[in-house]
Amino acid sequence: MKYEAEINGQTVHLELEEKDGRMDVVIAERRYAIEVAHPEAGVYQFFVGDKIYEARVVNAPHQAMEIQLRGQPFTVRLIDRKHRRAGAEHSDDSQQQLLAPMPGKVVRVLLNTGDEVKAGQGVVIVEAMKMQNEIKSPKDGHLLEVRVNEGDTVTGNQVLAVVE
Amino acid sequence: MFKKILIANRGEIAVRIIRACREMSISPVAVYSDADRTALHVRLADQAVHLGAAPSSESYLCGDKIIAAAKQTSAEAIHPGYGFLSENAAFAEAVEQAGLVLIGPPAAAMKMMGSKTSARRAALAAGAPVVPGTTAPIASVEEAINIAEEIGYPVMLKAASGGGGKGMRRVGCRDDISSAFTMAQSEALASFKDAAVYLEKYIERPRHIEIQLMADQFGNTVYLGERECSLQRRHQKVVEECPSPVVDEELRHRMGEAAVKIARAAGYVNAGTIEFLVDSQKNFYFLEMNTRLQVEHPVTEMVTGRDLVHEQIRVAAGQPLSFSQTDVWLRGAAIECRIYAEDPEHNFMPSPGLIKKIKTPAGPGVRDDSGVYEGWEVPVFYDSLLAKFCVWAETRALAVKRLARALDEYEMSGIRTTLPFFRAIVRNEDFQQGNFDTGFIDRFLQTQNHNPAASAADDDAMAAQQELADLAAIAAVLHSKTTAQQHRDATPQATESRWKTYGRMAQRRF
């Protein structure tokens, strides 16, 4: 199987063959013969020759995975080739949603439906854990709608506003 | 000695105090809000009293409800921990009037040291060095300009009732002072309901070093070394250590003596901390006093071998200090990391939610003061501090190595935490050398190298780094396959036996 991954911002191609519990991997002409064990959820143990590595994988926002290996952090995102074209079209979409990054309470609504907005300008302030966080517009445009009011409780990933 | 103590707090500090109670054969009583019914501090207590709705204004900040809870459970004393009501003089008075003991300083000392301007006057009266500036709130921009010209720019405007960096403004020159004054006043009013601001000389690249004090009701006041607290983000401490890499025996003695004098002048009893700014020439200046136990107290405990919470309880019960100044000496070095539910990859955005997994480090010299557990859902209503993780070793250099080792063992998933941030800090050369000031974290975050491969020293190191990156990519592929398989397995019988799942996982090899 072939895979494409973005690791710490760089794209790599992997070719992965499994047989009899062993795995042969080729990444940019580097070849690995690996045995893998899965001792607990989110943990992958690699036997590479006589070397042992343990990769701890945690799901991160935006379909990324954060991986800790020998104390070092790696951020990896798998690129789905089938969906890439569709994804590209989607990002052309002129509408973008502002999502609540975490559950919390709307303490201020800075702009109203119809207002012009610049990229990086704050639209809504959400408070969680005694910290106030400004949710900013990802692009220049105007606010098609603002879906929350001051005092509202919001859940993580709830749509706060839509920018066009 | 008390038979029962009510802990007027939540999270890791409530757990810390409950542990001390257990060790002293005192029965701990917890209080909780709607959001904390199954919180760790409630689970560990003997009794627990429900206070009210989740927001702290309806629960942990309700002094009357807390005093009623103590009465109802026949607790003799209240430990306020830190935050919430711990520095509220009105609460301290109410506790006393209710015939209960507050495990903390007398209300009068709390009042005197609670306002920054009156604390500054007290420090001056005790002969302690203070940062040049005013002791009284400033009435007008003209007055601010006059004082600033006198002591020289840059200067710092600060809220008199402030803390946590709010209402603070650095002013570099005369042109900026007018707008800075107005903004500092409005921020101070919004945050502390008190617009009073004062002005101090701005110390360039200072270190923030504090002295731990312990005082009993018989006039014994002892200092327990210093803590280095220069590693701060937005004026909030993130890493603390004891001793400070720059404080020698002579400076420690001078700072300790100055701190003891200030505490005596304030009639201080129980645990307290005097914060100083130390400049590059090792001049120190009084900053403020914290009239409570501090978050970072464990590093002092590890290096002095004294249990500050036990001592607090003994002193509040009317016993003399169990040690004198000559009994206090520092052994080795300890470092603490504050593990917050925040996402360091996304500007430290709060990250409440379900903790799916926790694995704490073990082995020599580690201490984890945590308030959470696997399966607990971190609520959105409170401070994001999850745990304080500390290490101790014979020397600072060894403590840094031990910290790196232990942080690599520490796992927490489900929510985002500051653990990856600490793993990066502990690998920073300036941190390892003890070479930093209060601006370190901001500079570190700006220059942080997100591609470790680029920093590898030679070809072998480069190759090893490349192998790690490749294995990380492989792990990502395996993990996404496992997750996809789990989604398929999850239907329709979502609650399949874990043994069956395990059996299948063991069979499925990659």
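**Looking at the overall build of chain A**
Working step 1: When you go through chain A residue by residue, the secondary structure sums to one helix and 16 strands.
Working step 2: Taken over the C-alpha trace, chain A has a radius of gyration of 21 Å; the compact-globule value for 164 residues is 15 Å, which it surpasses by more than 25%.
Working step 3: Taking the principal axes of its C-alpha atoms as reference, chain A extends roughly 60 × 35 × 20 Å.
Working step 4: Across chain A, the fraction of contacts at a sequence separation of at least 24, relative to all contacts at a separation of at least 6, is 40%.
Working step 5: Element-wise, carbon and sulfur atoms account for 44% of the exposed surface of chain A, whose accessible area totals about 9,400 Å².
Working step 6: Taking the average location of the 20 positive side-chain charges in chain A and that of its 26 negative ones, the two points are 4 Å from each other.

**Here we look at the overall build of chain B**
Working step 1: Scanning chain B from terminus to terminus reveals 17 helices and 22 strands.
Working step 2: Taking 2.2 N^0.38 as the reference for a compact globule, 510 residues should give roughly 24 Å; the C-alpha atoms of chain B span a radius of gyration of 25 Å, in line with that estimate.
Working step 3: Projecting the C-alpha coordinates of chain B onto the three principal axes gives extents of approximately 75 × 60 × 45 Å.
Working step 4: For chain B, the residues scored as buried account for 57% of the 510 residues in total.
Working step 5: Residue pairs at least 24 apart in sequence account for 65% of intrachain contacts in chain B once pairs closer than 6 positions are excluded.
Working step 6: When the accessible surface of chain B is split by element, carbon and sulfur atoms take 50% of a total near 21,000 Å².

**Quick look at the domain arrangement of chain B**
Working step 1: Looking at chain B, the domain boundaries give domain 1 (4-103), domain 2 (132-201), domain 3 (204-331), domain 4 (338-448) and domain 5 (459-507).
Working step 2: Computed from C-alpha coordinates alone, the two centres of domain 1 of chain B and domain 2 of chain B are separated by 36 Å.

**What about the confidence of the model for chain A?**
Working step 1: Chain-level statistics for chain A give a pLDDT mean of 87 and a share of 92% at 70 or above.
Working step 2: Segment residues 85-92 of chain A is flagged for pLDDT under 50; beyond a separation of four residues in sequence, or across chains, it makes zero contacts in the model.

**Notes on the interface of chain A and chain B**
Working step 1: The partner chain B presents 52 residues to the 55 residues of chain A that form the contact.
Working step 2: Carbon and sulfur atoms supply 64% of the area that chain A and chain B bury against each other, a total of about 4,700 Å² over both sides.
Working step 3: Summed over the three residues of chain A that lose the most area to chain B, namely A:Tyr44, A:Met129 and A:Met131, the buried surface amounts to 14% of that side.
Working step 4: Counting the contacts that link chain A with chain B gives seven salt bridges.
Working step 5: Here A:Glu18 and B:Lys481 are joined by a salt bridge, their closest N and O atoms 2.6 Å apart.
Working step 6: If you look at where chain A meets chain B, you find 18 residue pairs in polar contact (both at pLDDT 80 or more).
Working step 7: Class assignment for the residues of the side of chain A that touches chain B results in 35 nonpolar, ten polar and ten charged.

**What about helix 10 (residues 297-304) of chain B?**
Working step 1: In terms of burial, helix 10 of chain B is largely enclosed, as seven of its eight residues are buried.
Working step 2: For helix 10 of chain B, the set of buried residues is B:His297, B:Pro298, B:Val299, B:Thr300, B:Glu301, B:Val303 and B:Thr304.

**As for the domain arrangement of chain A**
Working step 1: Its domain assignment divides chain A into domain 1 (2-82) and domain 2 (94-163).
Working step 2: Here the C-alpha centre of domain 2 of chain A lies 36 Å away from the C-alpha centre of domain 1 of chain A.

Rules used in this analysis
- Residues numbered from 1 in each chain as written.
- Chains lettered and ligands numbered in written order.
- Predicted model: local features only at pLDDT ≥ 70, side-chain atom pairs only at ≥ 80, totals over all residues.
- Heavy atoms only, no water.
- Helix = DSSP H or I, 4+ residues; strand = E, 2+ residues; numbered from the N terminus.
- Rg over C-alpha atoms; globule rule 2.2 N^0.38 Å.
- Contact = heavy atoms within 4.5 Å.
- Areas by Shrake-Rupley, 256 points an atom, 1.4 Å probe, with all protein chains shown as cover.
- Lys, Arg positive; Asp, Glu negative; His and termini not counted.
- Charge placed at Lys NZ, Arg CZ, Asp CG, Glu CD.
- Buried < 20%, exposed > 50% of the residue type's maximum accessible area, 1.4 Å probe, protein only.
- Domains from an automatic or database assignment.
- pLDDT = per-residue confidence, 0-100.
- Buried area = accessible area lost by both parts, 1.4 Å probe.
- Salt bridge = Lys/Arg side-chain N within 4 Å of Asp/Glu carboxyl O.
- Polar contact = N/O pair within 3.5 Å; in protein donor to acceptor, adjacent residues only side chain to side chain.
- Nonpolar A, V, L, I, M, F, W, Y, C, P; charged D, E, K, R; others polar.

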